Amino acid sequence: MNQYIEETNKGLIHTYNRFPVVLEKGEGVYLYDTAGKKYLDFAAGIAVCGLGYGNEELNQALKEQIDCLTHTSNLYYNTTCGKAATALLRIAEMDRVFFTNSGTEAIEGALKSARKYAWKKGTGRYEFIAMEHSFHGRSIGAVSVTGNEAYRTPFEPMLPGVRFAEFNDLDSVKEQITDKTCAIILEPLQGEGGINQASKEFMEGIRSLCDQEGILMICDEIQCGMGRTGSMFAWQSYGTKPDIMAMAKAIGSGLPVGAFAMTKEVAEYSLEPGDHGSTYGGNPLACAAVAKTVEIFEREDILAHVRETGAYLEERLTALAAESDEILEQRGTGLIRGIKVKKPAGEIIQRALDKGLLIISARDNVIRLVPPLIIRKEQIDEMIEKLKAVL
């Protein structure tokens, strides 16, 4: 194991604080390191591996696609891009989609689309309102709308024209609106920010404000979307359809793929040929993963499973919080949960690792639980017992 760690540390720029574990293979909701140690996975590659590991149907679809074609560039059509677009637009209830390689790139496309829409409409608008404690990615544009100074400060000056409002405070949003505001961007449920869920009143208020003021609503569904909350996308549980939506992570079940989608109105008045592009975006292999993932989600009724197991997870966490002095609060919905603890989350995560449990943090003192969406009740029980021992 040390050999792999030494090679990685020697060869790569040190931008990740990795745990001293070298993972080699996965099966279902379990991962195994090079020494054969088994880990119960409640991280899912940061909410990516919704179908877990080793799904035979998905793997077969990818193998068949590799044998056919993996890349052509976007100068030509391919056999899977249209299938993936049709499937994704159906479940997202949107009209047009652009495939990217990541969630960060999806946010970049969403921001560009909003500004181009305002430019083409001749409104002169260019400003964005984003939320405190939000996280939208690592590029300059995505960091500019991320509500965490620690991410922004080392790379200033940021993208001009970004104002920040308090999450779940509609009056705070209203105070930031000017005649230059082109869009409001938010996560219906903040992941990195601490598992903070938007209230129904807040989401409805944002949608109403946007309609009244001629502002676009952008929903970042990169982490909370694709079934994780019990709805295919989190906004759907509020009935507040955005004008633009960013997606990634679980839409490809582990393949590096993202997307931003929009309504017909935005599509007609925003991006045109030459405005945006991606060499690898929409490549046949990534799109095969998207199309097969959507097919499995729908056929297996993953949403119903998430609602059932999510309710059970909440029940077990509530009981654990009641008997543990270390837990201050548990929050979230579906299979995205946060446990606010007294100690730094990093200490608990390391001890959990020793016990064969993979969990991650969301801010300094919040443990984030985002297991594969195929998790079963008995595996939730297993997690609770391991976490109880750690606490």
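Residues numbered from 1 in each chain as written. Predicted model: local features only at pLDDT ≥ 70, side-chain atom pairs only at ≥ 80, totals over all residues. Heavy atoms only, no water.

J.: Any chance you could explain the overall build of the protein here in plain terms?
T.: Summing up its helical and strand segments, the protein has 14 helices and 17 strands in all. Here the C-alpha radius of gyration of the protein, 21 Å, is about what a compact globule of 391 residues would show, namely 21 Å. A principal-axis box enclosing the C-alpha atoms of the protein has dimensions of 60 × 50 × 45 Å. Burial statistics for the protein: of 391 residues in total, 52% are counted as buried. For the protein, the share of sequence-separated contacts (at least 6 apart) that also reach a separation of at least 24 residues comes to 71%. As displayed, the protein has an accessible area near 17700 Å², and 49% of this comes from carbon and sulfur atoms. Each charge class in the protein was averaged separately, 43 positive and 54 negative side chains, and the resulting centres sit 1 Å apart. (Helix = DSSP H or I, 4+ residues; strand = E, 2+ residues; numbered from the N terminus. Rg over C-alpha atoms; globule rule 2.2 N^0.38 Å. Buried < 20%, exposed > 50% of the residue type's maximum accessible area, 1.4 Å probe, protein only. Contact = heavy atoms within 4.5 Å. Areas by Shrake-Rupley, 256 points an atom, 1.4 Å probe, with all protein chains shown as cover. Lys, Arg positive; Asp, Glu negative; His and termini not counted. Charge placed at Lys NZ, Arg CZ, Asp CG, Glu CD.)

J.: I'm lost on the sheet that holds strand S17 (residues 366-369) in this one. Help?
T.: Adjacent strands of a sheet form backbone hydrogen bonds with each other and so pair up, either parallel or antiparallel. Spatially, the four strands line up as an open sheet ordered S13-S14-S17-S16, and their pairing is antiparallel. Edge positions in the sheet fall to strand S13 (327-333) and strand S16 (360-361), since each has one partner strand and no second. Summarising the sheet, S13 and strand S14 (residues 336-341) pair through six bridges and their orientation is antiparallel. Note on S14: the bridge partner recorded for Glu-329 is Lys-340. (Pairing = 2+ DSSP bridges.)

J.: Quick question: what am I supposed to make of the side chain of Ser-231 here?
T.: Following the sequence through the fold, Ser-231 ends up in the loop between strand S10 (216-220) and strand S11 (244-247). Sequence-distant contacts of Ser-231, defined by excluding residues within four places in its chain, comprise Gln-236, Ser-237 and Leu-303.

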